[in-house]
Amino acid sequence: MKVLVVGGAGYVGSRLVPELLRRDHEVVVYDLFLYGEEVFDAVRGHEKLIIIKGDVRDLQATGKAVAGCDAVIHLACISNDPSFELNPDLGRSINYDCFQPFVEQCIAAKVRRFVYASSSSVYGVSEVANVDEDHPLNPLTDYSRFKAECEKVLAEVAFDKMETLILRPATVCGYSVRQRLDLAVNILTNHAVTNGKILVFGGEQMRPNLHIDDMVDLYALALELPGEKISGKTYNAGYENYTVADIAKMVKAVVERAIPDREAVSIETTPSDDNRSYHITADKIKTDLGFTPKRTIEDAIKGLVEALRDGRLIDSMENPRYYNIRTMKERCLK
């Protein structure tokens, strides 16, 4: 396929694009590259890669980018609640306002398949033991609310006109060329390696997680499955549900094994007013599509420890490129 990856230079996209090239797809990356243009240095010049630097709100540019594409994987958004809340109007303009016009462009361009990255945060907080795809949506923030609204747009506008698939990922973790260190597993690992100390706020909150390489494999699979298996479907994408306290203990154990000559990693727990707790089940995607994650949270921690120790993540506590909200403050809000 010829695949347009919108937001393709982000945390997941920078892992996904090389994998799609490896699988012999033609790939068009459309991204503003707020976090640096070096993320594709390893594949730059590849005969099947086209890189377009552009704003997702520029419909003239997105219209040109999607021309001739068979499929679209839509990853573009201002990601996470704090970044969105810095400038709600900017967040809405990127995460929602331009979405329906772009979907209509894709239909006009005769795109065959459209894969949308929603979020498991659309469920809000639930007392249900395992939240499945039939659980009512209860988004608690504008970020998650507009994810839910985009799901509706795709279902209504693209009905019978494109093969559409909505994925609701758990919190992704692990190493990427465009690294994020503002996600739970990644945060705790960075602090354990860099400071030798993990600070846990609360700790009993349950969080679903998914290794970044499994997320990449799922997007690639979404391009390869027959249309009748995926069209019009919505799936949770997750694997392991753990409390934050359990994740901290896991990080401590992995880091101490990887760096045995250092002092033991300490864990300090402090009360928190944020008691949001939920976990999702991904049984449906396993049954319907045969997708089962292959990597664990411990695998993600190991990969991050290696990257921190071998110099791939320089100045990991302070460099803004690893933190969405810091980059937003520096580059988008001046």
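Check the entry above for the structure.
Summarised in this report is the structure supplied together with it. (Residues numbered from 1 in each chain as written. Predicted model: local features only at pLDDT ≥ 70, side-chain atom pairs only at ≥ 80, totals over all residues. Heavy atoms only, no water.)

Bringing the overall build of the chain into the picture now. Check the secondary structure of the chain and you find 13 helices and 12 strands. On C-alpha atoms alone, the chain measures out to a radius of gyration of 19 Å, which is about the 20 Å that the 2.2 N^0.38 rule sets for 334 residues. Over its C-alpha atoms, taken along the principal directions, the chain stretches across nearly 60 × 45 × 40 Å. Going through the 334 residues of the chain one by one, you find that 54% of them count as buried. Sequence separation of at least 24 residues holds for 78% of the intrachain contacts in the chain that already meet a minimum separation of 6. Element-wise, carbon and sulfur atoms account for 48% of the exposed surface of the chain, whose accessible area totals about 14,600 Å². (Helix = DSSP H or I, 4+ residues; strand = E, 2+ residues; numbered from the N terminus. Rg over C-alpha atoms; globule rule 2.2 N^0.38 Å. Buried < 20%, exposed > 50% of the residue type's maximum accessible area, 1.4 Å probe, protein only. Contact = heavy atoms within 4.5 Å. Areas by Shrake-Rupley, 256 points an atom, 1.4 Å probe, with all protein chains shown as cover.)

Attention now moves to the environment of Leu304. Mapped onto the elements, Leu304 comes out in helix H12 (residues 297-309). On the basis of relative accessibility, which here comes to 1%, the residue Leu304 falls in the buried class. Taking the C-alpha atoms as reference, Leu304 lies 25 Å from Tyr278; in sequence the two are 26 residues apart. If near-sequence neighbours (up to four positions away) are discounted, Leu304 is found in contact with Gly174, Tyr175, Gln179, Asn186 and Thr189.

A word on the packing of aromatic side chains. Across all of its chains, the model carries 5 aromatic pairs by this definition. Here Phe33 and Phe40 contribute two aromatic rings whose centre-to-centre distance is 6.3 Å and whose plane-to-plane angle is 80°, an arrangement assigned as edge-to-face. Taking the relative accessible area as the measure of exposure, Phe33 reaches 5% and is therefore buried. On the numbers, 5.2 Å between centres and 20° between planes, the contact of Tyr96 with Phe146 is stacked. Taken together, the residues span a long stretch of sequence, with Tyr96 in helix H4 (residues 88-97) and Phe146 in helix H6 (residues 142-157) at a distance of 50 residues. By relative accessible area, which is 3% here, Phe146 ends up buried. Put simply, the rings of Phe99, Phe102, Phe114 and Tyr116 pair up and form one aromatic cluster. Sitting over the ring of Tyr35, Arg178 keeps its end group 3.7 Å from the ring centre. Above the plane of the ring of Tyr323 lies Arg326, whose end atom (NZ or CZ) is 3.9 Å from the centre. (Phe/Tyr/Trp six-rings, centres within 6.5 Å; stacked < 30°, edge-to-face > 60°. Lys NZ or Arg CZ within 6 Å of the ring centre and 35° of its normal.)

What follows is about the pattern of salt bridges. One pass over the structure, following the stated rule, counts 21 salt bridges. Notably, a salt bridge pairs Arg23 with Asp217, separated by 3.6 Å at the nearest N-O pair. Placement of the pair is Arg23 in the loop between helix H1 (13-22) and strand S2 (26-31) and Asp217 in helix H8 (residues 212-224), with a sequence separation of 194 residues. With a closest N to O distance of 3.4 Å, Lys152 and Glu149 form a salt bridge. With Lys152 and Glu149 both in helix H6, this residue pair falls 3 residues apart, about one helical turn. Here Lys152 falls in the partly exposed class, since its relative accessible area comes to 45%. (Salt bridge = Lys/Arg side-chain N within 4 Å of Asp/Glu carboxyl O.)

Within the open sheet, the 7 strands sit side by side as S3-S2-S1-S4-S5-S6-S10. Their pairing is parallel. Both edges of this open sheet fall to strand S3 (49-53) and strand S10 (233-237), since each of them pairs with a single strand only. Going across the sheet, the axis of each strand differs from the next one's by a mean of 15°, ignoring polarity. Alignment of S2 against S3, held across 5 bridges, turns out to be parallel. Across the sheet, residue Val27 finds its bridge partner in S3, namely Leu49. (Pairing = 2+ DSSP bridges. Axes fitted to C-alpha atoms, helices over the stretch in contact; angles between N-to-C directions.)

Once that is clear, we can look at the nonpolar core. Judged by nonpolar contacts, the single largest core of 49 residues is most densely connected at Leu20, Ile73, Leu167, Met215 and Tyr219. Ranked by residue count, the leading element in this core is H8, at 8 residues. Sequence-distant contacts of Ile73, defined by excluding residues within four places in its chain, comprise Val3, Leu4, Val5, Val6, Leu16, Leu20, Val115, Tyr219 and Leu223. Core analysis: the next-biggest nonpolar cluster, separate from the first, contains 32 residues, Leu4, Val72, Phe99 and Phe146 among them. (Core = buried A, V, L, I, M, F, W, Y, C linked by side-chain atoms within 4.5 Å.)

Below, the discussion takes up helix H2 (residues 59-66). Turning to H2, its buried residues are Thr62, Ala65 and Val66. Buried residues of H2, seen end-on, are gathered within an arc of 90° and therefore sit on one face of the element. Opposite the buried face of H2, by more than 90 degrees, sit the exposed residues Gln60 and Lys64. Where H2 is buried, its residues contact strand S1 (2-6), S2, S3, strand S4 (71-74) and helix H5 (99-108). Positive backbone phi, approximately 85°, marks Gly68, located one or two places after H2. (Arc of directions from axis to C-beta.)

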